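# Structural description and commentary
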Amino acid sequence: MIYPQNFEQKTGFDKVRRLISEKCLSPLGEERVAEMEFSADYQTVTRRLEQTDEFVRILHGEDEFPASYFFDVRYSLKRIRPEGTWLDEKELFDLKRSLQTINDIIRFFRPSLEEGEEIKYPALTALAGDIQVFPQLIGKIDAILDKFGRVKDNASSSLAQIRKEITATMSGISRSLQSILRAAQSEGIIDKDITPTMRDGRLMIPVAPAFKRKIKGIVHDESASGKTVFIEPEVVVEANNRIRELEGDERREIMKILTEFTNFIRPLIPDILQSYEFLAEIDFIRAKALFAEQINGIKPVIEDKQQIDWIHAAHPLLFLSLQKQNKQIVPLDILLEEKKRLLIISGPNAGGKSVCLKTVGLLQYMLQCGLLIPVYESSKTGLFENLFIDIGDEQSIENDLSTYSSHLTNMKFFVKNCNSKTLILIDEFGSGTEPQIGGAIAEALLDRFNRNHSYGVITTHYQNLKHFAKDTEGIVNGAMLYDRHLMQPLFKLSIGNPGSSFAVEIARKIGLPEDVIADASANVGSDYINMDKYLQDIVRDKRYWESKRQNIRQQEKKLEDITARYEQDLEAVNKQRKEIMRNAKEEAQRILSEANAKIENTIRENGMVHDPIVIIQFADVKFSVLGEVARPGQFSITKDRISLFDALAMAGDLTIYGQRENVALIREENGMRTVHYFDLKNPDILTSPYFYLQQDDVVYVTPNKYKAQAGEINQNRSFYISLVSVAVSVATLLVTITR
């Protein structure tokens, strides 16, 4: 329930409605704006807000929304319902373009999605629902009209023939007139730059009145100045008459074509009108989204309960007004909850109390009409079933109502109808009559509102209401702040303490005589003056500590931002370090692998080994002994351990030490291939436990007949061992750098 009937005028919503209407593309949307109404249903309000919020995202998106042709052809469609009526060319052209727009909008919201792809605008897509599009109808209109909305020549064979004859006749007339013109110009009857002129649908020749009898024909008209007459030469009179006849035939044929098409679409009119209802809704939602952009409106958190927890709420009309003056609005933080339902705002005159009250009323009404409101995203909103407001002077001579009587009439309605789902807005509560009784009645009314668990914002100057709010659960004081040093209002709302009216200070600033101020102070007594000063001191101290707290919050926020940034940087460094280490290990592995491969190739190229044969797969230990030995090849044993010496013994006679100069052992260690070299002149190492053979070890033996080559191999071996050392050093250095 909304009370009174002029609630929208009192809160300024009528101006909001007008601003939104101006953003509509057609009367379709304007009608929706006029029909926009308050709702207390959670699902309805949420759906409206989601639709508007999604359209705001469309305005910010990369895809262009089809908003070219929003034509209202509903009247034309309703007009052709009786038989024998038809759409004219303009109406048909508007129908075609607007149907194409509807088709484009439906495609915009219902694109061909791939499997698993989410719908970008679910609320608007649901609105598109089962709306019909008419591609065949659009195609049929395209077959009749050209891109300029004119009936095509080939719309029918008869029309094509008529227009062909018109063109031919006009060409004949033009040739005849040109011949007459050239003759008249050569005789000096008309000037050289004169050309035939169309008058009343007939081609004529403009001639000076003195020469009008020089050209045989009919004088049809003369200029406003009388200095020119227009003659239709007699040789083209019949041709012009024929043109008139053909133009009549053309109009009748076009009428026939349009009538036939109108008969075709007449059964489709109900479905087409339904599609235009969708177009109207889209126009309306688009206008709401544009208005939200203009006032920085957002979709706040909305819950299905009674609450107001707004951060940086701004009055949209005041915001737009100050924006034109290059001024900044002072936003409000306001909280109404279960334990603090009724807010009593006090403070100086012209300090912003009424603006605060109107801001609450307007934003709550806007929200429940489906409009986005200018608050911070962290704000929380609720829903109210009843919105009551008492503001302004409602005195009426006709109804014999004084200002105070009108207030009491409103209070009677409030008390009778308020409940826990009501938001009450009262300005200058209790004023308009003798202060003592007015304050008492206001206190009693406030108690009733509180007993009914109503919510509300009430402004007042009465001390008894401030005391009552302080001592009563469910009611909280609030103050509009005032800078008493600069003697100007701050327009900031502070909840928790009552405010001072600053009456003495304002009187002194205005220049009221000091003796008058002193007498007034003496009349009210020192207790009242001191209490007012205490209130001012409390407000001042609260401002100071709130400023300190705000600074601390800003520093904490700054510290949190720095910490978060450092954590991100540290995470990035660790990630980069791991990446560098991985790349370094891979690079070291590559260098070592290449070094070992080159060492093995050198051994092969100097004749030390032959290609190995297939290793026995079922052996517990398998190894290869290759080269110029008595028994080269693959060997497998079942013993747990076997030394390199015993392995060589299996391949040939090693009793004569030194017979074979060099032995190379290739082993996979830690994912890398390692080459170990041994000199048989010192055979003790061949029995070392470290060099007991392992799975897949390969042993290469250099026979003494390759002594010279073995020397070269030793040189190459030193080179490649050095290369491996460099590779290991590089890898170690890269790892160290990453640390």
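Sequence order as written defines the numbering, with residues in each chain counted from 1. In keeping with the predicted nature of the model, local features appear solely for residues at pLDDT of at least 70, side-chain atom pairs appear and are counted solely at 80 or more, and the whole-chain, interface and lining totals rest on all residues. Processing note: side-chain calculations cover all non-hydrogen atoms of the structure and skip hydrogens and water entirely.

## What about the nonpolar core?
Residues grouped as a nonpolar core are buried Ala, Val, Leu, Ile, Met, Phe, Trp, Tyr and Cys residues, joined through side-chain atoms within 4.5 Å. Accessible area is worked out with a 1.4 Å probe on protein chains only. A residue is then buried under 20% of its type maximum, exposed over 50%, and partly exposed in between. Core analysis: the largest hydrophobic core is formed by 102 residues, its most contacted members being Leu77, Leu95, Tyr276 and Met366. Secondary structure counts use DSSP, requiring at least four H or I residues in a row for a helix and at least two E residues in a row for a strand, with both numbered from the N terminus. If one sorts the elements of this core by residue count, helix 11 (residues 269–295) sits on top with 15 residues. The contact criterion used throughout is that any non-hydrogen atoms of two residues lie within 4.5 Å. When near neighbours in sequence (up to four residues on either side) are disregarded, Leu77 contacts Leu95, Ile265, Ile269, Ile272, Leu273 and Tyr276. With 20 residues, the next largest nonpolar core counts Leu342, Phe414, Ile426 and Ile458 among its residues.

## Considerations on the packing of helix 6 (residues 89–109) against helix 11
Angles shown run from 0 to 180 degrees and are taken between the N-to-C directions of axes, each axis being a line fitted to C-alpha atoms and, for helices, limited to the stretch in contact. Taken N-terminus to C-terminus, the directions of helix 6 and helix 11 make an angle of 65°; their axes are 10 Å apart at the nearest point. At the point where helix 6 passes helix 11, the crossing takes the left-handed sense. Together, Asp94, Leu95, Ser98, Leu99, Thr101, Ile102, Ile105, Ile106 and Phe109 of helix 6 and Ile272, Ser275, Tyr276, Phe278, Leu279 and Ile282 of helix 11 make up the contact between the two elements. Three categories are distinguished: nonpolar for Ala, Val, Leu, Ile, Met, Phe, Trp, Tyr, Cys and Pro, charged for Asp, Glu, Lys and Arg, and polar for the others, with Gly belonging to the last. Residue composition of the contact of helix 6 with helix 11, grouped by class: 11 nonpolar, three polar and one charged. The handedness criterion is simple: a crossing whose near helix is rotated anticlockwise from the far helix by less than a right angle is left-handed, and one whose near helix is rotated clockwise is right-handed.

## Here we look at the pairing of strand 3 (residues 202–207)
In terms of burial, strand 3 is largely enclosed, as six of its six residues are buried. Neither face of strand 3 is exposed, since Arg202, Met204 and Pro206 on one face and Leu203, Ile205 and Val207 on the opposite face are all buried. Only strands joined by at least two bridges in the DSSP assignment are considered to pair. Sheet analysis places strand 2 (residues 197–199) next to strand 3, joined by three bridges and oriented antiparallel. Paired with Met198 across the two strands is Leu203, which belongs to strand 3. From the end of strand 2 to the start of strand 3, which pair antiparallel, there are two residues, and Asp200 there has a positive phi angle of about 55°. Direction of pairing for strand 3 relative to strand 5 (residues 229–233): antiparallel, over a ladder of three bridges. Paired with Pro206 across the two strands is Phe230, which belongs to strand 5.

## Side note on the packing of aromatic side chains
Only rings of Phe, Tyr and Trp enter the pairing, Trp through its six-membered ring, and a pair is recorded when the two centres are within 6.5 Å. The plane angle decides the type: under 30 degrees is stacked, over 60 is edge-to-face, the rest tilted. Counted under the stated rule, the structure contains 18 aromatic pairs. Measuring from ring centre to ring centre gives 4.8 Å for Phe13 and Tyr365, while their planes differ by 80°; the resulting arrangement is edge-to-face. With Phe13 in helix 2 (residues 13–21) and Tyr365 in helix 13 (residues 353–368), the pair connects residues that are 352 residues apart, well separated along the chain. Considering the side-chain rings of Phe429 and Phe449, the 6.4 Å spacing of their centres and the 25° angle between planes classify their relative orientation as stacked. Highlighted residues: Phe429 in the loop between strand 12 (422–426) and helix 15 (435–451) and Phe449 in helix 15, separated in sequence by 20 residues. The two residues Phe429 and Phe449 agree in class, both being buried. Pairwise contacts between aromatic rings join Phe55, Phe65, Phe108, Phe109 and Tyr121 into one cluster. Placement of a positive charge over a ring is assigned whenever Lys NZ or Arg CZ falls within 6 Å of the ring centre and within 35 degrees of the normal to the ring plane. Cation over ring: Lys140 sits above Phe264, and NZ or CZ is 5.1 Å from the ring centre.

## Topic: the sheet that holds strand 4 (residues 217–222)
Read across the sheet, four strands follow the order 2-3-5-4 without closing on themselves; strand pairing throughout is antiparallel. Looking along the sheet, the strands with just one partner apiece sit at the ends: strand 2 and strand 4. Averaged over all adjacent pairs, the angle separating strand axes in this sheet is 50°, with direction ignored. Sheet topology places strand 4 next to strand 5; five bridges connect them, and they run antiparallel.

## Comments concerning unusual backbone geometry
The amide bond that connects Tyr3 to the next residue, Pro4, takes the cis arrangement and shows omega of -5°. Unlike most non-glycine residues, Asn296 shows phi in positive territory, near 60°. Position of Asn296 relative to the elements: it lies in the loop between helix 11 and strand 6 (301–302). Located in the positive-phi region is His312, a residue other than glycine, with phi close to 55°. Tracing the sequence through the fold places His312 in strand 7 (residues 308–313). Exposure remark for His312: the relative accessible area of 32% places this residue in the partly exposed category.

## Notes on the environment of Arg107
The residue Arg107 is located in helix 6 in this model. When the C-alpha atoms of Arg107 and Val133 are compared, they prove to be 9.7 Å apart, with 26 residues separating the residues in sequence. Counted as a polar contact is a pair of N or O atoms within 3.5 Å, where, for protein atoms, one must be capable of donating a hydrogen and the other of accepting one, and residues adjacent in sequence contribute only when both atoms are in side chains. At 3.0 Å, the side chain of Arg107 forms a polar contact with the side chain of Asp104.

## A word on the pattern of salt bridges
Between Lys or Arg on one side and Asp or Glu on the other, a salt bridge is scored when a side-chain nitrogen of the former is within 4 Å of a carboxyl oxygen of the latter. Counting across every chain of the model gives 28 salt bridges. One salt bridge in this structure joins Glu277 and Arg32, with 3.0 Å as the shortest N-O distance. Note that Glu277 is positioned in helix 11 and Arg32 in helix 3 (residues 27–35), a separation of 245 residues in sequence. Its relative accessible area of 27% is what places Glu277 among the partly exposed residues. Salt-bridge contacts for Glu338 lead to Arg341; the nearest nitrogen and oxygen are separated by 3.9 Å. You can call Arg341 buried: its relative accessible area is 5%. Members of the salt-bridge network, linked through shared partners, are Glu31, Arg32, Asp72, Arg74, Glu277 and Glu281.

## Structural notes on the side chain of Ser454
Checked against the element boundaries, Ser454 lands in the loop between helix 15 and strand 13 (455–459). Here the side chain of Ser454 touches Asn419 through a polar contact of 2.9 Å, landing on its backbone oxygen. Residues contacting Ser454, with those up to four places away along its chain left out, are Arg341, Leu342, Cys418, Asn419, Ser420, Thr422, Ile424 and Phe449.

## Structural notes on the pairing of strand 8 (residues 332–336)
Burial of strand 8 is one-sided: the residues Leu332, Ile334 and Leu336 facing one way are buried, the residues Asp333 and Leu335 facing the other way are not. Judged from the four bridges that link them, strand 7 and strand 8 form a sheet pairing that is antiparallel. What sits directly across from Trp310, in strand 8, is Ile334.

## Considering the confidence of the model for the protein
A residue's pLDDT is the predictor's confidence in that residue, given on a scale from 0 to 100. For the protein, mean pLDDT is 79; residues scoring 70 or higher make up 77% of the total. In the model, residues 395–400 has pLDDT below 50 throughout and makes five contacts with residues more than four positions away in sequence or in other chains. Throughout residues 653–660 the model reports pLDDT below 50, and contacts reaching past four residues in sequence, or to other chains, amount to 18 contacts.

## With respect to the environment of Ala210
Mapped onto the elements, Ala210 comes out in the loop between strand 3 and strand 4. Residue class for Ala210 comes out exposed when judged on its relative accessible area of 70%. Counting along the chain gives 17 residues from Ala210 to Lys227, while the straight-line C-alpha distance between them is 9.2 Å.

## Quick word on helix 8 (residues 135–144)
Of the positions making up helix 8, those classed as buried are Leu137, Ile138, Ile141 and Ile144. Each buried residue of helix 8 sits inside an arc of 115° when the element is viewed along its axis, so together they form one side. This arc is taken over the directions from the axis of the helix to the C-beta atoms.

## Observations regarding a nonpolar patch on the surface
Each patch is built from residues lacking any salt bridge and having more than 30% relative accessible area; the joining distance is 9 Å for like charges and 5 Å for nonpolar side chains (Val, Leu, Ile, Met, Phe, Trp, Tyr). Areas reported here follow the Shrake-Rupley algorithm with a probe of radius 1.4 Å; residue values treat only the protein chains shown as occluding. On the surface, Leu408, Ile437 and Ile441 cluster together to form a nonpolar patch covering roughly 220 Å² of accessible area. Structurally, Ile441 can be placed in helix 15.

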